[in-house]
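A closer look at the structure
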Amino acid sequence: MPTETDHGPEKVRFARVTKRFGDHTVLDGLDLAVAPGERVTLIGPSGSGKTTILRLLMTLERVTDGVVHVDGEPYSHMPSGRAGGKLVPADERYLAPRRRRVGMVFQQFNLFPHMSVLANVMEAPRHVLGLDGDEAAARARDLLGLVGLAEKEDEHPTRLSGGQQQRVAIARALAMRPELLLLDEVTSALDPELVAEVLDVLRDVAAGTDITMLCVTHEMGFARDISHRILMFDEGRVLESDAPERLLDDPEHERTRAFLRTIR
Ligand code: ADP
């Protein structure tokens, strides 16, 4: 794995990334760099492109222009093999091993409803990483312990609360030992009384690992606790970027202040 490249030892870099849906420009020449181990929270009005950034990193979307790099390697594109370093859109064979290093937890938990909790967490390590059953089960049990659901391993997801299902989804993402973890409004679909248990688990994860994390959330207390840096988005651009206490308590831009008032 390259450590030093033209782009330095960065975990993630968006280099002049533009994303359009039809004639709607969602990201407009975005430059963004995230260091290894850094935890960055993206905030901003709905429609400002935050989820699109995570979806590009999951290769659920493709850039319209520019390049996404992960670990210094072009991720949305691959080297053409010709001298001169021309980049061409990446194919599945190039992306699959790289995507494995990226985990995502969604607003909707997306668990496999017909499988037990344990089987949900074992699935990708077994079938994508090729772990044997015992190894995958041991890893899954460890993680179910971490999210406080050791005693639920035989249950089916439909019998769990939303908060418990989301904790299983967190364990499932961690089971792949991702180097980059993407959290997309992971508490937005939960009843208010279930939000805290999920955020507490994520606080533990953040405190106990050096996984690079990109997080989209409206939970500002949580963002303050776990983030090294908060980015305020507005219309597909970074309006300001600072340490949580600076950005949340003393923002530079009136638009940031106005946004923060709407969610408090
Ligand atoms: P945010 O996460 O900041 O709310 P998103 O990244 O979800 O913003 O969306 C940014 C804009 O892109 C929105 O206007 C949304 O409607 C649009 N958008 C996102 N995905 C698609 C898609 N698949 N097709 C068309 N428009 C999309």
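Now for a quick tour of the structure. (Residues numbered from 1 in each chain as written. Predicted model: local features only at pLDDT ≥ 70, side-chain atom pairs only at ≥ 80, totals over all residues.)

Glancing now at the overall build of the chain. Each helix and strand in the chain was counted, giving 9 helices and 12 strands. Computed over C-alpha atoms, the radius of gyration of the chain comes to 19 Å, within 12% of the 18 Å expected from 2.2 N^0.38 for 264 residues, which places it in the range of a compact globule. Taken along the three principal axes of its C-alpha coordinates, the chain extends 50 × 50 × 35 Å. Taken across its 264 residues, the chain has 39% of its residues classed as buried. Sequence separation of at least 24 residues holds for 63% of the intrachain contacts in the chain that already meet a minimum separation of 6. (Helix = DSSP H or I, 4+ residues; strand = E, 2+ residues; numbered from the N terminus. Rg over C-alpha atoms; globule rule 2.2 N^0.38 Å. Buried ≥ 20, exposed ≤ 12 C-beta atoms within 10 Å, placed from the backbone. Contact = placed C-beta atoms within 7 Å.)

For the rest of this paragraph, the subject is the site of the ligand. Every residue close to the ligand is listed here: Phe21, Val26, Gly44, Ser46, Gly47, Ser48, Gly49, Lys50, Thr51 and Thr52. Considering every element that reaches the shell around the ligand, the biggest residue donor is helix H1 (residues 50-57), with 3 residues. (Near = placed C-beta within 6 Å.)

Right, let's talk about the pairing of strand S4 (residues 65-70) for a bit. Judged from the 5 bridges that link them, strand S1 (residues 12-21) and S4 form a sheet pairing that is antiparallel. Residue pairing for S4: Val12 is matched across the bridge by Val70. Where S4 folds back onto strand S5 (residues 73-74) in an antiparallel hairpin, the turn is made up of 2 residues, including Asp71, whose phi is positive at roughly 55°. (Pairing = 2+ DSSP bridges.)

Across its 13 residues, helix H5 (residues 162-174) extends 18 Å between first and last C-alpha, which sits within 8% of the 18 Å expected from 1.5 Å per residue. A large share of H5 lies buried, amounting to 12 of its 13 residues. Looking at H5, one finds that the buried residues are Gly163, Gln164, Gln165, Gln166, Arg167, Val168, Ala169, Ile170, Ala171, Arg172, Ala173 and Leu174. At its buried positions, H5 is contacted by strand S8 (102-105), helix H3 (117-127), helix H4 (133-146), strand S9 (180-184) and helix H6 (192-208). (Expected span 1.5 Å × (residues − 1).)

As a further point, take unusual backbone geometry. If you check the backbone angles, Thr59 has positive phi at about 60° while not being a glycine. By the C-beta count within 10 Å, which is 17 here, Thr59 ends up partly exposed. Positive phi, normally seen in glycine, also occurs at Asp71, with a value near 55°. Mapping Asp71 onto the fold places it in the loop between S4 and S5. Accessibility expressed as a C-beta count within 10 Å gives 21 for Asp71, which makes it buried.

Moving on, we come to the sheet that holds S4. Strand order in the open sheet formed by 4 strands is S2-S1-S4-S5, and the pairing between neighbours is antiparallel. In the strand order of this sheet, the two ends are held by strand S2 (24-34) and S5, each with one partner. Bridging between S1 and S2 involves 7 bridges; their strand directions are antiparallel. Note on S2: the bridge partner recorded for Arg20 is Thr25.

This part covers the sheet that holds strand S12 (residues 237-242). Within the open sheet, the 6 strands sit side by side as S8-S9-S10-S3-S11-S12. Their pairing is mixed. Edge positions in the sheet fall to S8 and S12, since each of these pairs with one other strand and no more. Adjacent strand axes in the sheet meet at a mean angle of 20°, parallel and antiparallel pairs treated alike. The sheet contact formed by strand S11 (residues 229-234) and S12 spans 5 bridges and is antiparallel. (Axes fitted to C-alpha atoms, helices over the stretch in contact; angles between N-to-C directions.)

Judged by nonpolar contacts, the single largest core of 67 residues is most densely connected at Leu42, Leu57, Val121, Ile170, Ala171 and Leu182. Among residues more than four places away in sequence, those in contact with Ile170 are Val105, Val147, Val201, Leu202 and Val205. (Core = buried A, V, L, I, M, F, W, Y, C linked by C-beta atoms within 7 Å.)

A few words now on the environment of Leu146. Summarising the element assignment, Leu146 is placed in helix H4. The class for Leu146 is partly exposed, based on 17 C-beta atoms found within 10 Å. Once the C-alpha coordinates of Leu146 and Ala169 are considered, the two residues, 23 residues apart in sequence, prove to be 12 Å apart. Look past the residues within four positions of Leu146 in its chain and what remains in contact with it is Ala171 and Asp204.

This paragraph deals with the packing of H3 against H4. The contact between H3 and H4 brings their axes to 9 Å, and the two run at 125°. Classified by the interaxial angle, the pair formed by H3 and H4 is oblique. Crossing of H3 over H4 shows right-handed handedness. For the pair H3 and H4, the contacting residues are Val117, Leu118, Val121, Met122, Pro125 and Arg126 in the first and Gly133, Ala136, Ala137, Arg139, Ala140, Leu143 and Leu144 in the second. Class assignment for the residues of the contact of H3 with H4 results in 10 nonpolar, 1 polar and 2 charged. (Parallel < 35°, antiparallel > 145°, perpendicular 65-115°, else oblique. Left-handed = near helix turned anticlockwise from the far one by under 90°. Nonpolar A, V, L, I, M, F, W, Y, C, P; charged D, E, K, R; others polar.)

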